[in-house]
Amino acid sequence: MPLHKMPCKLPDLKNLPSMMPGLIASPGLLTSFDCSGQVHLIVGSNPLAGARCAKSLEVGAKVKLIAPDSETLHYGLRQRIEAEEIQWIRREFRSEDLTTLGRAEVDQVADLVFVTLPVECTQCTYISNQCRRLRIPVNVADAPHLCSFTLLSTYSDGPLQIGVTTSGNGCKLSNRIKREITNTLPQGVGAACTRLGKLRRRLWEEDHGETDIFDEDVDGTDQRCNFNALVLPEDADAAKTRRTRWLSQICEYWPLERLAGLTDDDIGPLLESYINANNSGHIPQPPGSLPRGGRIKLVGSGPGHPDLLTTASVNAITSADLVLADKLVPQPVLALVPRRAVVHIARKFPGNADKAQEEFLELGLEGLQKGLNVIRLKQGDPYIYGRGAEEFEFFERRGYTPTVLPGITSSLSAPLFACIPPTHRGVADQALICTGTGRKGAAPEMPEYVSTRTTVFLMALHRLGDMVRDLKKKGWPMEVPCAVIERASCPDQRIVRSTLENICFAVEEVGSRPPGLIVVGWACEVVKKLDGKKWVVEEEVFRL
């Protein structure tokens, strides 16, 4: 197990007195402390003191809080005190605390001090000076010139820790930089560190014996000059390190995505590939004998027009090996699929939805096991009545965690194409998305009438008459305006404007053009009105 470590920055202590407030004279030495069993003193009682306590406890330190008995003691600190996670010294700080509250093995000298008092408090400078005199690392909140170390903005993924500091010039900026860096890392890189670390120790023990000292690399340095040098047969010592050097080259040269994709099942074939590998120090390539794990993405195709796809969705579709598409995904979107890819359209029809869904899940799993790039292309957004979460859970349980790419949901975009604002000052202050069809085709519970709400019903047009009757039973006025929007954003988009009283007659007369939805609420007549007509049909060619 890796040691609990707290990344921190330690500048040269002798230079600290000359530092101006808010300015670090030179970059500090970035280190990682083993804080297991250390005693950390925290001076203060505010929320920051609570955060410092949490961090110290997280890395295995013992915390002693120095603060007078006060109503301002942060509730989180009180909880930790009551749980006996930290020791509370109920008084002001005293200079002798630095040399009497620490561990016995270091003569009761404290290991680390955090000061969270207001920076204008005179005690901040006093405590900082006392700590520096005793060579005790000290951190004073909002006062870089009083600190001998600063905490880094950290990212942790198992044994992997990444820390960023701006040397006291802004924690918000360091947080931003940390996010930018860590967002480029592939998923699973922390687990890869653990897996490759175990393999490296295994190779070392097999080649050197368990009693030999494990030769750890020095963190933060480049490779040695002989990293790729030829290992000669007569060089027995170098020969012992041949396999560990081979593994080091894999860590150095393989793409991070490839390393992060390694599983425990890959380790055996990886070692077998070494037998036939070129042991002269050349860069080892990812062995072709390793099974290539497939990837799956749940991709939202948006309301219909291909130009409304996100860039991420377009990239996913155009790089697919296998596409499993909802039957209502329009042809212009499917036209983006490369010719080499296999496309399956869902065979969903009334009474067969569950079987068709099971068929798609099995097709997707089969493709993943073959190492294919599988795209589950879903109408609208995967998580808006698209069974996206069910599919995510199905594949994740089988070892394939899907990437979910959002799509512009028709429930919010279709009203826009019909000149209906879902919210409008003085008319509608809320929007509700509902389904018109429950599980196994059952009728769902209809919402109560709220005059200031716009309600969008998906998958409802096939049972529009029943839905209107259910709404009437719930107290909905039949004069409430509504609109049926079909094939939103497509060239053959159609809008039927009416009221709850007449919408069924209108749809019966003009027929159905799925996919479609119905929008109900007074916002339907904000921009366009019926002007005394029972219904209005608008055939519009949508253009961007």
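Residues numbered from 1 in each chain as written. Predicted model: local features only at pLDDT ≥ 70, side-chain atom pairs only at ≥ 80, totals over all residues. Heavy atoms only, no water.

### What to know about the overall build of the protein
Scanning the protein for helices and strands turns up 17 helices and 21 strands. Taking all 544 residues of the protein together, the buried fraction comes to 45%. Taking contacts inside the protein between residues at least 6 apart in sequence as the whole, the part at least 24 apart equals 65%. For the protein, the computed accessible surface area is about 29,000 Å², with 52% contributed by carbon and sulfur atoms. (Helix = DSSP H or I, 4+ residues; strand = E, 2+ residues; numbered from the N terminus. Buried < 20%, exposed > 50% of the residue type's maximum accessible area, 1.4 Å probe, protein only. Contact = heavy atoms within 4.5 Å. Areas by Shrake-Rupley, 256 points an atom, 1.4 Å probe, with all protein chains shown as cover.)

### Considering the state of the cysteines
Under the criterion given, the structure shown has 0 disulfides. Cys124 supplies the cysteine sulfur nearest to Cys147, a cysteine that is in no disulfide, at a spacing of 9.6 Å. For Cys147, a relative accessible area of 4% translates into the label buried. Unpaired in this structure, Cys193 has its nearest cysteine sulfur neighbour in Cys251, at a distance of 8.4 Å. (Disulfide = S-S within 2.5 Å.)

### So, a nonpolar patch on the surface
A contiguous nonpolar surface patch, about 230 Å² in accessible area, is contributed by Leu173, Ile177 and Ile181. Note on placement: Ile177 falls in helix H5 (residues 171–182). Residue classification places Ile177 among the partly exposed positions, given a relative accessible area of 33%. (Patch = residues over 30% accessible without salt bridge, like charges linked within 9 Å, V, L, I, M, F, W, Y side chains within 5 Å. Salt bridge = Lys/Arg side-chain N within 4 Å of Asp/Glu carboxyl O.)

### Details of the packing of aromatic side chains
Taken as a whole, this structure holds 3 aromatic pairs when the rule is applied. Between Phe394 and Phe395 the ring centres are 5.1 Å apart and the planes differ by 90 degrees, which places this aromatic pair in the edge-to-face class. Accessibility expressed as a relative area gives 8% for Phe394, which makes it buried. Under the relative-accessibility criterion, Phe395 is labelled buried at 1%. (Phe/Tyr/Trp six-rings, centres within 6.5 Å; stacked < 30°, edge-to-face > 60°.)

### Examining the sheet that holds strand S11 (residues 295–300)
Across the sheet, which stays open at both edges, the 5 strands sit in the order S13-S12-S14-S11-S15 with parallel pairing between neighbours. Two strands in the sheet have a free side with no partner beyond their single neighbour: strand S13 (342–345) and strand S15 (403–405). Along the sheet, successive strands turn relative to each other by an average axial angle of 15 degrees, direction set aside. Where S11 lies against strand S14 (residues 373–378), 6 bridges are found, and the strand directions are parallel. Along S14, the bridge assignment pairs Leu298 with Arg376. (Pairing = 2+ DSSP bridges. Axes fitted to C-alpha atoms, helices over the stretch in contact; angles between N-to-C directions.)

### What to know about the pairing of strand S9 (residues 153–157)
In this structure, S9 lies alongside strand S10 (residues 160–164), joined through 5 bridges in antiparallel fashion. Bridged to Asp157 within S10 is Leu160. Connecting the antiparallel pair S9 and S10 is a turn made up of 2 residues, with Gly158 showing a positive phi of about 65 degrees.

### What about the sheet that holds strand S3 (residues 39–43)?
Spatial ordering of the open sheet is given by S5-S4-S3-S6-S7, a layout of 5 strands whose pairing is parallel. The open sheet is flanked by strand S5 (87–89) and strand S7 (138–140), the only strands paired with a single partner. Between one strand and the next, the sheet's axes are offset by a mean angle of 20 degrees, whatever the strand orientation. In terms of strand pairing, strand S4 (residues 62–66) meets S5 through 3 bridges, oriented parallel. Paired with Leu65 across the strands is Trp88, a residue of S5.

### A closer look at helix H16 (residues 464–473)
Each α-helix turn comprises 3.6 residues. Residues three or four places apart therefore point the same way. Those residues of H16 that fall on the buried side of the exposure criterion are Leu464, Met467, Val468 and Leu471. Seen end-on, H16 carries its buried residues on one side only, within an arc spanning 100 degrees. Where H16 is buried, its residues contact strand S17 (453–458), helix H17 (503–510) and strand S20 (516–520). (Arc of directions from axis to C-beta.)

### A closer look at the side chain of Thr499
Here Thr499 shows up in strand S19 (residues 494–499). With near-sequence residues (within four places) excluded, Thr499 lies in contact with Met478, Glu479, Val480, Pro481, Cys482, Leu530 and Lys534.

### Notes on the confidence of the model for the protein
This prediction gives the protein a mean pLDDT of 84; 83% of its residues lie at or above 70. Confidence, read as mean pLDDT per element, is least for helix H7 (residues 236–240) in the protein (52) and greatest for strand S6 (residues 112–115) (98). Ignoring residues within four places in sequence, the model shows residues 11–24, a span with pLDDT below 50, making 24 contacts including any to other chains. Between residues 276–291, whose pLDDT stays under 50, and residues either more than four places distant or in other chains, the model counts 31 contacts. (pLDDT = per-residue confidence, 0-100.)

### Remarks on the packing of H16 against H17
Contact geometry for H16 and H17: axes closest at 10 Å, N-to-C directions at 175 degrees. With respect to H17, the element H16 is oriented roughly antiparallel. Across the interface between the two elements, Leu464, Gly465 and Val468 from H16 touch Ile503, Cys504 and Val507 from H17. Taken together, the residues that form the contact of H16 with H17 break down as 5 nonpolar, 1 polar and no charged. (Parallel < 35°, antiparallel > 145°, perpendicular 65-115°, else oblique. Nonpolar A, V, L, I, M, F, W, Y, C, P; charged D, E, K, R; others polar.)

### So, the pattern of salt bridges
Side chains that differ in sign of charge can pair as their charged atoms come close. Across all of its chains, the model carries 23 salt bridges by this definition. Glu391 is paired through a salt bridge with Lys378; the nearest N and O atoms lie 3.0 Å apart. In this pair, Glu391 sits in helix H14 (residues 388–397) while Lys378 sits in strand S14, placing the two residues 13 residues apart along the sequence. Judged by its relative accessible area of 1%, Glu391 is buried. A salt bridge links Glu486 to Arg494, with the nearest nitrogen and oxygen atoms 2.8 Å apart. The pair formed by Glu486 and Arg494 is uniform in burial state, with each residue classed as buried.

### So, unusual backbone geometry
Note that the residue after Pro514, namely Pro515, is joined by a cis bond; omega there is 0 degrees. With respect to the helices, strands and loops of the structure, Pro515 is situated in the loop between H17 and S20. Backbone geometry at Asp107 places phi at a positive 60 degrees, although glycine is not the residue there. Within the element layout of this structure, Asp107 appears in the loop between helix H3 (97–100) and S6. Look at Gln108: it is not a glycine, yet its phi comes out positive at around 65 degrees. Locating Gln108 in the fold gives a position in the loop between H3 and S6.

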